[in-house]
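Geometric and topological summary
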Amino acid sequence: AQSVTQPDIHITVSEGASLELRCNYSYGATPYLFWYVQSPGQGLQLLLKYFSGDTLVQGIKGFEAEFKRSQSSFNLRKPSVHWSDAAEYFCAVGDGGGADGLTFGKGTHLIIQP
Amino acid sequence: AAGVIQSPRHLIKEKRETATLKCYPIPRHDTVYWYQQGPGQDPQFLISFYEKMQSDKGSIPDRFSAQQFSDYHSELNMSSLELGDSALYFCASSIRLNEQYFGPGTRLTVT
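Residues numbered from 1 in each chain as written. Chains lettered and ligands numbered in written order. Predicted model: local features only at pLDDT ≥ 70, side-chain atom pairs only at ≥ 80, totals over all residues. Heavy atoms only, no water.

1. Considerations on the pairing of strand S6 (residues 44-50) of chain A
Residues and elements named next belong to chain A. When you tally the buried positions in S6, you get 5 out of 7 residues, the bulk of the element. The sheet contact formed by strand S5 (residues 32-38) and S6 spans 6 bridges and is antiparallel. Note on S6: the bridge partner recorded for Val37 is Gln45. Here S5 hands over to S6 after 5 residues, with Gly41 in that stretch at a positive phi of 70°. (Buried < 20%, exposed > 50% of the residue type's maximum accessible area, 1.4 Å probe, protein only. Helix = DSSP H or I, 4+ residues; strand = E, 2+ residues; numbered from the N terminus. Pairing = 2+ DSSP bridges.)

Structure follows, in structure tokens:
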């Protein structure tokens, strides 16, 4: 069964500093990987996705993520965070073979210090 | 751009009552997914439909059922509600094999 691990429950970053959120997955084949962001009481917004090809993918709001098969990782990065980036971030994996549900990690809560 | 529409946005029910949640996918999306997110939890996949046929099934209780209609909207029917069913229920839609776009959610409170 597929699974996703986000090792950091909370991360605190100063505004303007760089950010990296970790995600490790367990999946037998080539996974379809996603990062979603959720503000309190809101829906999930897709930041970026990896299906195949270039292992460094660019997303919205200045985010990027790198797929590393050897490490089973798909870490999310941003060079300079803004206060508005404070939210819950979820990494998710899907098999892409059909209309299958995603498996989410437990999420990382990002706090931005002024 | 059009997004996934869910109704109602908030719903309060008593134990043992029934509830129906509705989802209207993004136009031309043919696949609908339902997720349940408890307080402080990650979303848990319940069920999905592709072209009006059930496609995948996750941790959906037997008390719940769902279907997708000819216009591609979907309804999640929940019976014999329990306190533990209180959660955010998300619908997502996609064009098959592509990324899922989530709606704003329905917050269900069971008292």
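So much for the structure itself; the text now carries on.
2. Digging into the interface of chain A and chain B
Between chain A and chain B, the residue contacts involve 22 residues of the former and 24 residues of the latter. Taken together, the connections running from chain A to chain B amount to 2 salt bridges. Taken together, the links from chain A to chain B amount to 7 residue pairs in polar contact (both at pLDDT 80 or more). When contributions to the side of chain A that touches chain B are tallied by element, the ones reaching two or more residues are S5 and S6 of chain A. The dominant element in the side of chain A that touches chain B, judged by the number of residues it contributes, is S5 of chain A, at 4 residues. (Contact = heavy atoms within 4.5 Å. Salt bridge = Lys/Arg side-chain N within 4 Å of Asp/Glu carboxyl O. Polar contact = N/O pair within 3.5 Å; in protein donor to acceptor, adjacent residues only side chain to side chain.)

3. Notes on the sheet that holds strand S1 (residues 5-7) of chain B
Residues and elements named next belong to chain B. Pairing within the open sheet is antiparallel, and its 4 strands lie in the order S1-S3-S8-S7. Of all strands in the sheet, those bounded by a partner on one side alone are S1 and strand S7 (64-68). Each neighbouring strand pair of the sheet contributes to a mean axis angle of 15°, computed without reference to strand direction. Note: S1 against strand S3 (residues 19-24), 3 bridges, orientation antiparallel. (Axes fitted to C-alpha atoms, helices over the stretch in contact; angles between N-to-C directions.)

4. Observations concerning the state of the cysteines
A complete count under the given rule lists 2 disulfides over all chains for this structure. With its sulfur 2.0 Å from that of its partner, Cys23 of chain A forms a disulfide with Cys91 of chain A. Because the torsion about its S-S bond is -65°, the bridge between Cys23 of chain A and Cys91 of chain A counts as left-handed. Placement of the pair is Cys23 of chain A in the loop between strand S3 (19-21) and strand S4 (24-26) and Cys91 of chain A in strand S10 (residues 87-94), with a sequence separation of 68 residues. In terms of burial, Cys23 of chain A and Cys91 of chain A fall into one category: buried. Disulfide pairing is shown between Cys23 of chain B and Cys91 of chain B; the S-S distance is 1.7 Å. (Disulfide = S-S within 2.5 Å.)

5. Some remarks on the pattern of salt bridges
As a working rule, side chains carrying opposite charge can pair if their charged atoms are close by. Residue and element names in this part refer to chain B. Per the stated rule, a full pass over the model turns up 10 salt bridges over all chains. In this structure, Glu82 engages Arg63 in a salt bridge whose closest nitrogen and oxygen atoms are separated by 3.4 Å. One end of the pair, Glu82, is in the loop between strand S8 (74-78) and strand S9 (87-94); the other, Arg63, is in the loop between strand S6 (53-57) and S7, and 19 residues separate them in sequence. The partner of Asp85 in a salt bridge is Arg63, and the shortest N-O contact between them spans 2.9 Å. Separated by 22 residues along the polypeptide, Asp85 in the loop between S8 and S9 and Arg63 in the loop between S6 and S7 bring together distant segments of the chain. What makes Asp85 buried here is its relative accessible area of 4%.

6. Some points on unusual backbone geometry
All names here are of chain B. With an omega dihedral of -10°, the bond running from Ser7 to Pro8 counts as a cis peptide bond. Within the secondary structure layout, Pro8 lies in the loop between S1 and strand S2 (10-13). Of note, the phi angle at Tyr72 is positive, near 80°, even though the residue is not glycine. With respect to the helices, strands and loops of the structure, Tyr72 is situated in the loop between S7 and S8. Since its relative accessible area comes to 23%, Tyr72 is described here as partly exposed. The backbone of Ser80 shows a phi angle near 45°, a positive value even though the residue is not glycine. Within the secondary structure layout, Ser80 lies in the loop between S8 and S9.

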